[in-house]
Amino acid sequence: MSDARRTAVVTGASRGIGRAIAQALADDGFQVAVNYLTRDLEARELVDKISAGGGAARAFRANVSDPAECARLVEGALAAFGRLDVLVNNAGISQTGVPIADLPAEDWERMLRINLSGPFYLIKAVLPHMRQRRSGHIVNLSSNVTQRFPATYGAYTVSKAGVDALTRVLAKEEGPNGIRVNAIAPGPIATDMFAQARALMGPERADAFVKSIPLGRTGRPEEIASAVRFLVSEAASYLTGQVVYVNGGGPGG
Ligand code: NAP
């Protein structure tokens, strides 16, 4: 299948924020490559939902921490849809609340491989196509932990600080090629990942944290998706190299 419609690859789109982004881009007319790792049923269900609504989507299993699988994901999307306009590096993991002193090296390495090397591998895979078209949008999911530096989230925070740096450097390198690169740094968003963090913090501390955010609540995945929608649209045509905080007004304490 190949047509003139714009195409987006969204990693980690089986659930949570990635799923909302994939749905929002499909609603905007994008053909969507729905990447997932383990939840094939959820990914297929989303593809069916998008197709039933008149859109085009395909599910692609790929582990973003593996460069060969990233290359295959991009090749698969190109073969299915004929073009590639948007990459959303959303797939990510968080970590159990372990101080750096006690963090096993394997956990540190796994975090960086998935959250930081994954986006790097995918960026390397999409750039040749975007450069050839002299157009493209890359959106990386960071986190507002890069403002909070919370204890016991060392590897996660370092991975997201790396994502911010990757975003800013890449925007400088690829701007002359017509490619815009931005990051979104969410506050706490109601997904499985935040449910895990809440369980670790305990309900009292988690509720106090959420109350310390100016808007006084967690965000919804759709509230991140609407920011992605804007960043990859013509409305954001002069916007690149930025980390956009979508965090209810502040990182909270
Ligand atoms: P989530 O609910 O835990 O979902 C994670 C998604 O990533 C799933 O679709 C999962 O696939 C996929 N995934 C995990 N490891 C993968 C791998 N190695 N290869 C491919 N896919 C993989 O997470 P979320 O809350 O939606 O978070 C999405 C992004 O936003 C992450 O980068 C996260 O760091 C960032 N973020 C989240 C929050 C928050 O409060 N939720 C705050 C700030 C930043 P399967 O379902 O197939 O396992």
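Structural data are supplied above this passage.
The shown structure was predicted, so the numbers you read here are calculated from the model rather than taken from an experiment. (Residues numbered from 1 in each chain as written. Predicted model: local features only at pLDDT ≥ 70, side-chain atom pairs only at ≥ 80, totals over all residues. Heavy atoms only, no water.)

The full set close to the ligand counts 32 residues, and S14, R15, T38, Y156 and T191 are the nearest of them. At 2.8 Å, a backbone N or O of I17 approaches an oxygen atom of the ligand. Within the backbone of T38, a nitrogen or oxygen atom sits 2.6 Å from an oxygen atom of the ligand. Expressed as a share of its isolated accessible area of 910 Å², the protein-covered part of the ligand is 95%. (Near = heavy atom within 4 Å. Polar contact = N/O pair within 3.5 Å; in protein donor to acceptor, adjacent residues only side chain to side chain. Areas by Shrake-Rupley, 256 points an atom, 1.4 Å probe, with all protein chains shown as cover.)

Here we take up the nonpolar core. In globular proteins that are soluble, nonpolar side chains generally tend to be buried together. Counting residues in each nonpolar core, the largest one holds 43 residues, and the members touching the most others are L87 and I138. Listing elements by their share of this core, those giving two or more residues are α3 (67-81), α4 (105-133), α6 (154-174), β6 (179-186), α7 (192-201) and α8 (203-211). Looking at which element gives the most residues to this core, the answer is α4, with eight residues. Sequence-distant contacts of L87, that is, excluding residues within four places in its chain, are made with V9, L122, I123, V126, M130, H137, I138 and V139. Counting 31 residues, the second-largest nonpolar core is a separate cluster that includes L25, V32, L141 and V232. (Core = buried A, V, L, I, M, F, W, Y, C linked by side-chain atoms within 4.5 Å. Buried < 20%, exposed > 50% of the residue type's maximum accessible area, 1.4 Å probe, protein only. Helix = DSSP H or I, 4+ residues; strand = E, 2+ residues; numbered from the N terminus. Contact = heavy atoms within 4.5 Å.)

Taken N-terminus to C-terminus, the directions of α7 and α8 make an angle of 120°; their axes are 6 Å apart at the nearest point. As judged from the angle between their axes, α7 and α8 are oblique. In this structure, α7 uses F194, R198 and M201 to contact α8, whose residues at the interface are P203, R205, A206, D207, F209 and V210. Of the residues belonging to the contact of α7 with α8, the class tally is six nonpolar, no polar and three charged. (Axes fitted to C-alpha atoms, helices over the stretch in contact; angles between N-to-C directions. Parallel < 35°, antiparallel > 145°, perpendicular 65-115°, else oblique. Nonpolar A, V, L, I, M, F, W, Y, C, P; charged D, E, K, R; others polar.)

This next bit is on the packing of aromatic side chains. Within this structure, the stated rule accounts for two aromatic pairs. Ring centres 5.9 Å apart and planes at 55° place the aromatic pair F120 and Y121 in the tilted group. Judged by its relative accessible area of 38%, F120 falls in the partly exposed class. Here Y153 and Y156 contribute two aromatic rings whose centre-to-centre distance is 6.5 Å and whose plane-to-plane angle is 75°, an arrangement assigned as edge-to-face. Accessibility assignment for this pair places Y153 and Y156 in one class, buried. (Phe/Tyr/Trp six-rings, centres within 6.5 Å; stacked < 30°, edge-to-face > 60°.)

This part is about the side chain of Q95. Summarising the element assignment, Q95 is placed in the loop between β4 (86-89) and α4. On the basis of relative accessibility, which here comes to 10%, the residue Q95 falls in the buried class. A polar side-chain atom of Q95 sits 3.3 Å from the main-chain carbonyl oxygen of T152. For Q95, the side chain forms a polar contact with the main-chain nitrogen of Y156, separated by 2.8 Å. Contacts of Q95, omitting those with residues within four sequence positions, involve L103, M111, T152, Y153, G154, A155, Y156 and L200.

Turning our eyes to something else, we now look at α3. Taking 1.5 Å per residue as the helical rise, α3 with its 15 residues ought to reach 21 Å, and the 21 Å between its terminal C-alpha atoms agrees with that figure. Of all the residues in α3, the buried ones are E69, C70, L73, V74, G76, A77, L78, A80 and F81. Its buried side turned inward, α3 meets β1 (7-10), β2 (31-36), β3 (57-61) and α4. The N-terminus of α3 is capped by D66, whose side-chain oxygen sits 2.8 Å from the backbone nitrogen of A68. Following α3 by one or two positions, G82 has its phi on the positive side, about 85°. (Expected span 1.5 Å × (residues − 1).)

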